[in-house]
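Letter by letter, the chains look like this.
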Amino acid sequence: MQFIDLKKQYQVLKEQIDDGIAKVLDDGHYIGGGEVKQLAEELAQYCGVKHCLTCANGTDALTIALRCIGVGKGDAVFVPTFTFFASAETVALEGATCIFVDVDSRTFNIDSAKLDKAIAEVIEQGKLTPKCVIAVDLFGQPADFTALRKVTDKYGLPIIEDGAQGFGGSIDGKKACSFGDISTTSFFPAKPLGCYGDGGAIFTDNDEYFALMSSLAVHGKGSYKYDNVRIGYNSRLDTLQAAILLPKFHAFEQYELKDRNVIASKYDELLGKDFVTPYVPQGFESSWAQYTLILDSAEQREKIQTALKDKGIPTMIYYPIPMHKQTAFKGYDFNLDDLQVAEDLCDRVLSIPIHPYLDDETIELISRSLKECK
Ligand SMILES: *Cc1c(COP(=O)(O)O)cnc(C)c1O
């Protein structure tokens with residue numbers, strides 16, 4: 001059994017994907033081909049955002065967003081401590097300081113009340129300038145942007161939505177990757193919408209941001225390509241990846257996202273009595289990058305994970321270590337908040353297989369096995 005069965009998806013979409021790849025090879029526009037433009041237009045429309053800029057990966061997308069906002073030394077950027085490393089790494093790379101914020105125990109997303117407190121404390125200390133907030137749509141569920149905006153508006157701070165796992169999720173029908181002043185996503189193969197290599201995208205309604213980020217992604221180009229007006233990056237999505245993403249995106253839009261939600265509901269039903277299953281607030285829809293249980297203890301998790309492994313059922317721990325405990329951030333003394341919720345989650349979460357091609361029999365087998373080895 002695969003944790004995420006990408007080969008199964010390829011079997012289903014093989015003809016379209018192979019045709020798309022063959023066309024790129026025939027055309028010979030390996031960088032900046034028509035598929036890249038088409039994909040960006042379709043993604044922008046799907047998310048309900050004015051501009052989409054594709055780029056090399058989700059980490060670059062964050063870096064370019066941070067550069068666009070002008071984040072640098074002496075700035076404080078507020079980041080949930082329960083996330084993938086790139087959400088924080090990119091901040092440090094720009095020379096700014098991460099202020100790690102605890103998450104909500106049920107949604108796993110940044111806690112807006114604790115964010116408010118953290119911003120106020122940074123202002124009071126007067127050492128760093130609050131510059132922006134990174135809100136992560138963890139495991140596919142959008143962060144609570146209504147609550148977050150109330151806080152960030154109070155301080156006049158922009159939000160970067162790290163939608164690397166969130167693409168396809170929504171709040172009251174409004175799609176993820178539309179909630180940030182700038183939003184980013186990743187097409188790493190295992191994400192809800194993935195390519196066959198690395199890829200990413202950036203979304204914004206802001207014309208100036210879009211122009212600046214388009215320049216930053218291509219060596220700081222000016223209006224003429226060989227007049228470079230700023231120091232930038234080489235961050236492009238290549239045409240082959242765009243050609244692979246187009247049919248995958250259409251399948252995602254037409255049925256995969258629905259199927260992911262059907263599978264999550266089946267798990268809810270089969271596991272809800274025995275386990276703490278994922279909490280999706282009213283009006284929110286997840287794209288189920290992960291289906292994550294909260295177990296009783298680290299010991300129980302270890303026991304269950306081992307027993308499942310013996311039955312050939314793969315599980316993953318996302319994430320075992322919060323950002324504020326990462327070795328790379330050793331010596332950071334700006335953990336103002338109480339980060340207990342995230343620390344507790346790191347000890348107790350367990351993600352089980354979820355992907356749109358998981359059949360009923362396998363869902364039942366996984367659920368039954370989980371209950372048996374509890
Ligand atoms: C995967 C991921 C990223 C980075 O995306 P890459 O395409 O792998 O660079 C950033 N943030 C989060 C939350 C992620 O899950």
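Coordinates for the structure precede this section.
Figured I'd write up the structure that's included with this text. It should be emphasised that the depicted structure is a prediction, and the values quoted were computed from it without experimental measurement. (Residues numbered from 1 in each chain as written. Predicted model: local features only at pLDDT ≥ 70, side-chain atom pairs only at ≥ 80, totals over all residues. Heavy atoms only, no water.)

### Focus: the site of the ligand
This is how the line gets drawn: Near is defined per residue: the residue qualifies when any heavy atom it owns lies within 4 Å of the molecule or strand. Polar contacts here mean pairs of N or O atoms no more than 3.5 Å apart (in protein, one a potential hydrogen donor and the other a potential acceptor; neighbouring residues in sequence count only if both atoms are side-chain atoms). For every accessible area listed, the method is Shrake-Rupley and the probe measures 1.4 Å; residues are considered covered only by the protein chains on display. Residues are grouped as follows: Ala, Val, Leu, Ile, Met, Phe, Trp, Tyr, Cys and Pro are nonpolar; Asp, Glu, Lys and Arg are charged; every other residue, Gly included, is polar.
The full set close to the ligand counts 14 residues, and Gly58, Thr59, Asp162, Ser186 and Lys191 are the nearest of them. Between the ligand and the protein, one listed contact pairs an oxygen atom with a side-chain N or O atom of Ser186 at 2.6 Å. Between the ligand and Lys191, the relevant distance is 2.6 Å, taken from an oxygen atom to a side-chain nitrogen or oxygen of the residue. Protein burial of the ligand: of its 380 Å² of free accessible surface, 93% is covered by the chains. Residues belonging to the shell around the ligand are distributed by class as follows: four nonpolar, eight polar and two charged.

### Remarks on the sheet that holds strand E10 (residues 284-285)
To be explicit about the condition: At least two bridges found by DSSP between two strands is the condition for calling them paired. Numbering of helices and strands starts at the N terminus; helices are DSSP runs of H or I of at least 4 residues and strands are runs of E of at least 2.
Here we have three strands laid out as an open sheet, ordered E7-E6-E10, and antiparallel in their pairing. One side of each edge strand has no neighbouring strand; the edge strands of this open sheet are strand E7 (174-175) and E10. For strand E6 (residues 170-171) and E7, the ladder comprises two bridges, and the chain directions are antiparallel. Bridged to Ser170 within E7 is Lys175.

### Some details on the environment of Trp288
Our working rule: In this description, contact between two residues means that some pair of their heavy atoms is separated by no more than 4.5 Å.
Within the secondary structure layout, Trp288 lies in the loop between E10 and strand E11 (291-294). Taking the C-alpha atoms as reference points, Trp288 and Leu6, 282 residues apart in sequence, are found 15 Å from one another. Residue contacts for Trp288: discarding those within four places in its chain leaves Phe139, Gly140, Arg260, Asn261, Ala264, Pro278, Val280 and Ile354.

### Things to note about the sheet that holds strand E5 (residues 159-162)
Pairing between the strands of a sheet is mediated by backbone hydrogen bonds and can be parallel or antiparallel. The test is simple: Angles here are taken between N-to-C directions and fall from 0 to 180 degrees, while the axes themselves are lines fitted to C-alpha atoms, restricted in helices to the stretch in contact.
Taken in spatial order, the seven strands of this open sheet run E1-E9-E8-E5-E4-E2-E3, and their pairing is mixed. The open sheet has two edge strands, strand E1 (51-55) and strand E3 (97-101), and neither has a second partner. The average angle at which neighbouring strand axes cross in this sheet is 25°, direction not considered. Pairing of strand E2 (residues 75-80) with strand E4 (residues 129-136) involves four bridges; the strand directions are parallel. Bridge pairing in E4 links Val77 to Cys132. Contacting E1, E4, E5, strand E8 (182-186) and strand E9 (200-204), helix H3 (residues 58-69) crosses the sheet at an angle of about 165° to E8. Across the sheet, helix H6 (residues 145-155) lies against E4 and E5, angled at about 155° from E5, the strand it touches most.

### Focus: the packing of aromatic side chains
Definition in use: Each pair of aromatic rings taken from Phe, Tyr and Trp, with Trp reduced to its six-membered ring, is defined by centres within 6.5 Å and is described as stacked if the planes are under 30 degrees apart, edge-to-face if over 60, and tilted in the remaining cases. The cut-offs for exposure are 20% and 50% of the maximum accessible area for each residue type, with area from a 1.4 Å probe on protein chains only; residues under the lower value are buried, those over the upper are exposed, and the others partly exposed. Charge-over-ring contacts are defined here by two conditions on Lys NZ or Arg CZ: a distance within 6 Å of the ring centre and an angle within 35 degrees of the ring normal.
Under the definition given, this model contains 18 aromatic pairs. Note on Phe145 and Phe179: the rings are 4.9 Å apart at their centroids and 10° apart in plane angle, and the pair reads as stacked. Of the two residues, Phe145 is situated in helix H6 and Phe179 in the loop between E7 and E8; the sequence distance between them amounts to 34 residues. Where Tyr224 meets Tyr226, the ring centres are 6.1 Å apart and the plane angle is 70°; that geometry is what we call edge-to-face. Pair check on accessibility: Tyr224 and Tyr226 agree, each one exposed. One aromatic cluster is present, built from ring pairs that chain together Phe3, Phe82, Phe108, Phe139, Tyr318 and Tyr319. It is Arg106 that lies over the ring of Tyr279; its NZ or CZ is 3.7 Å from the centre.

### A word on the side chain of Thr184
Here Thr184 shows up in strand E8. Once residues within four sequence positions are removed from consideration, Thr184 is found in contact with Ala61, Leu62, Ala65, Ile160, Glu161, Asp162, Gly163, Ala164, Cys177, Ala201 and Ile202.

### Some words on the pattern of salt bridges
In plain terms, the rule: Take a side-chain nitrogen of Lys or Arg and a carboxyl oxygen of Asp or Glu: if they are within 4 Å of each other, that pair is a salt bridge.
According to the stated counting rule, one finds twelve salt bridges in the structure shown. For Glu35, the salt bridge goes to Lys23, with nearest N and O atoms at 3.5 Å. With Glu35 in helix H2 (residues 34-47) and Lys23 in helix H1 (residues 6-27), this residue pair connects regions lying twelve residues apart in the sequence. When its relative accessible area of 45% is taken as the criterion, Lys23 is described as partly exposed. With a closest N to O distance of 3.3 Å, Lys37 and Glu41 form a salt bridge. In this pair, Lys37 and Glu41 are both assigned in helix H2, four residues apart and thus about one turn of the helix distant. Judged by its relative accessible area of 57%, Lys37 is exposed. Residue classification places Glu41 among the partly exposed positions, given a relative accessible area of 47%. By sharing partners, the salt bridges in this structure join Lys23, Asp27 and Glu35 into a single network.

### Details of empty space enclosed by the protein
A water-sized probe, rolled over the atoms, reveals where empty space remains. Note the cut-off: Every definition here rests on a 1 Å grid over the protein atoms only: cavities are sets of points where a 1.4 Å probe fits but cannot get out, pockets are open sets enclosed by protein on both sides within 12 Å along at least five of seven lines, and lining residues have some atom within 4 Å of a point. Grid points are joined across faces, edges and corners, and a volume is the space filled by probe spheres set on the points.
Across all of its chains, the model carries two cavities of 30 Å³ or more by this definition. Roughly 90 Å³ of volume is contained in the largest cavity. Contributing to the lining of the largest cavity are 13 residues, with Phe108, Phe139, Gln141, Pro278 and Trp288 lying nearest its centre. Taken together, the residues of the lining of the largest cavity break down into seven nonpolar, five polar and one charged. Lining the second largest cavity are 13 residues, and of these Ile4, Leu6, Gln9, Lys191 and Arg260 lie nearest its centre. Secondary-structure elements contributing two or more residues to the lining of the second largest cavity are H1 and helix H8 (239-271). In terms of residue class, the lining of the second largest cavity is made up of six nonpolar, three polar and four charged.

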